[in-house]
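Structural characterization, general
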Amino acid sequence: MNLETRDAIYNQAKEWVLKAGDTIRDKIHDRLEINTKSNPNDLVTTMDQNTENFFVTNIKKTYPDHFIISEEGYGDQLETLNGTVWIIDPIDGTMNFVHQKRNFAISVGIYHDGVGEIGFIYDVMADVLYSAKHNEGAFKNNEPLPRLTNKKSLLESIVGLNHFWLCENRFVDEQVMQDFVKTIRGTRTYGSAALEFAYVAEGIMDGYLTMSLSPWDIAAGVVIVNEVGGVTTTIYGDQVNMLEKNSILTCNPAIKSDIVDDYMLKGKK
Ligand code: IPD
Ligand code: CA
Ligand code: CA
Ligand code: CA
């Protein structure tokens, strides 16, 4: 993608992300209409839908040749990542949005011919914007994020993961996962995949391991983590397919092979 074009899209996308965040903050105490999707804990609100609609309407008007992949149904059904594709999660962490009114994010990744060019993760209530452009580094608000240090051992690592890893699951033997959590320094669960990617990029968590995420949960995070030298693969170390669901590892490169080879592949079901 031509750099001038990319800068213009970046600036426009940033303006929309901040504006969408402003609207959510303004309405944070309004009465919510909450519905459920695949199960009683899979929540969606009119705020998720209206925020996605805001992005889709603006993108279609301003960039009629761009495509959109998004969670709440306003986007396109795509079979390739050819051209410019916006991958949007209007509210990542809807359960937090509903129950806590914080700890949720707007996530926007912009890909061109399959390459992640731009990423935004906006922690709306904290008013913290993580952003990146491919090959130009990552930022937290306007401060550059340092590259991740290569000196990191698993024993001193904090890894984001949720309790489902210790329950019976389809992916990795539970005993192996118990060994894993006993080996590392600590675990954290924030309930927003996008924020967990941002925390890995910021170096306040060393990895994040999660089952079955959709493209909109990870598209921006992959770009931002990449810009600080982090890596993102499937939990078994394979390349991520941005058109499908993937179980994901994103981490400091120093601990990747330890996690993949000694735990994920060893316990693979
Ligand atoms: C969810 C959050 C959550 C993750 C789920 C996602 P949503 O996204 O990122 O942390 O564990 O798998 O679906 O539905 O709140 O946008
Ligand atoms: Ca959802
Ligand atoms: Ca999400
Ligand atoms: Ca969402």
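You'll find the protein chain entered in an unreviewed UniProt entry as inositol-phosphate phosphatase, with Virgibacillus litoralis given as the organism. Turning to the protein chain, the UniProt annotation filed under Catalytic activity (unreviewed entry) states: "a myo-inositol phosphate + H2O = myo-inositol + phosphate".

A word on the site of ligand 1
Around ligand 1, a shell composed of Glu71, Asp89, Asp92, Gly93, Thr94, Gly191, Ser192, Ala193, Thr210, Leu213 and Asp217 is seen. Of all the elements in the fold, those that place two or more residues in the shell around ligand 1 are β4 (84-92) and β12 (207-213). Its residues placed into classes, the shell around ligand 1 shows two nonpolar, five polar and four charged.

Structural notes on helix α1 (residues 3-26)
For an α-helix, 3.6 residues make a turn, and residues three or four places apart therefore share a direction. An ideal rise of 1.5 Å per residue puts 34 Å on 24 residues; α1 measures up with 34 Å between its terminal C-alpha atoms. Taken together, the buried positions of α1 are Ile9, Tyr10, Ala13, Val17, Ala20 and Ile24.

With respect to helix α5 (residues 193-202)
Most of α5 is tucked away, with nine of its ten residues classed as buried. Gly203, located one to two residues past α5, shows a positive phi value of around 80°.

Digging into the nonpolar core
In this structure, Val108, Ile121, Phe197, Ala198, Ala201 and Ile224 are the most contacted members of the largest nonpolar core, which totals 73 residues. Mapping this core onto the domain boundaries places at least three of its residues in each of domain 1 (3-144) and domain 2 (154-264). Setting aside chain neighbours within four positions, we find Ile224 in contact with Gly119, Ile121, Tyr130, Ala132, Ala138, Phe197, Ala198 and Ala201.

Some remarks on the sheet that holds strand β10 (residues 158-160)
Spatial strand order, β11-β10-β12-β14-β13: five strands in an open sheet with mixed pairing. Either end of the sheet is taken by a strand with one partner, and the two such strands are β11 (186-188) and β13 (231-234). Adjacent strand axes in the sheet meet at a mean angle of 20°, parallel and antiparallel pairs treated alike. Of the pairings in the sheet, the one linking β10 to β12 comprises two bridges and is parallel in character. Across the sheet, residue Val159 finds its bridge partner in β12, namely Gly207. Set on the sheet, helix α6 (residues 215-227) makes contact with β12, β13 and β14 (246-251); between it and β14 the angle comes to about 25°.

Rules used in this analysis
Residues numbered from 1 in each chain as written. Chains lettered and ligands numbered in written order. Predicted model: local features only at pLDDT ≥ 70, side-chain atom pairs only at ≥ 80, totals over all residues. UniProt positions renumbered as here; feature names shortened; annotations may be inferred. Near = placed C-beta within 6 Å. Helix = DSSP H or I, 4+ residues; strand = E, 2+ residues; numbered from the N terminus. Nonpolar A, V, L, I, M, F, W, Y, C, P; charged D, E, K, R; others polar. Expected span 1.5 Å × (residues − 1). Buried ≥ 20, exposed ≤ 12 C-beta atoms within 10 Å, placed from the backbone. Core = buried A, V, L, I, M, F, W, Y, C linked by C-beta atoms within 7 Å. Domains from an automatic or database assignment. Contact = placed C-beta atoms within 7 Å. Pairing = 2+ DSSP bridges. Axes fitted to C-alpha atoms, helices over the stretch in contact; angles between N-to-C directions.

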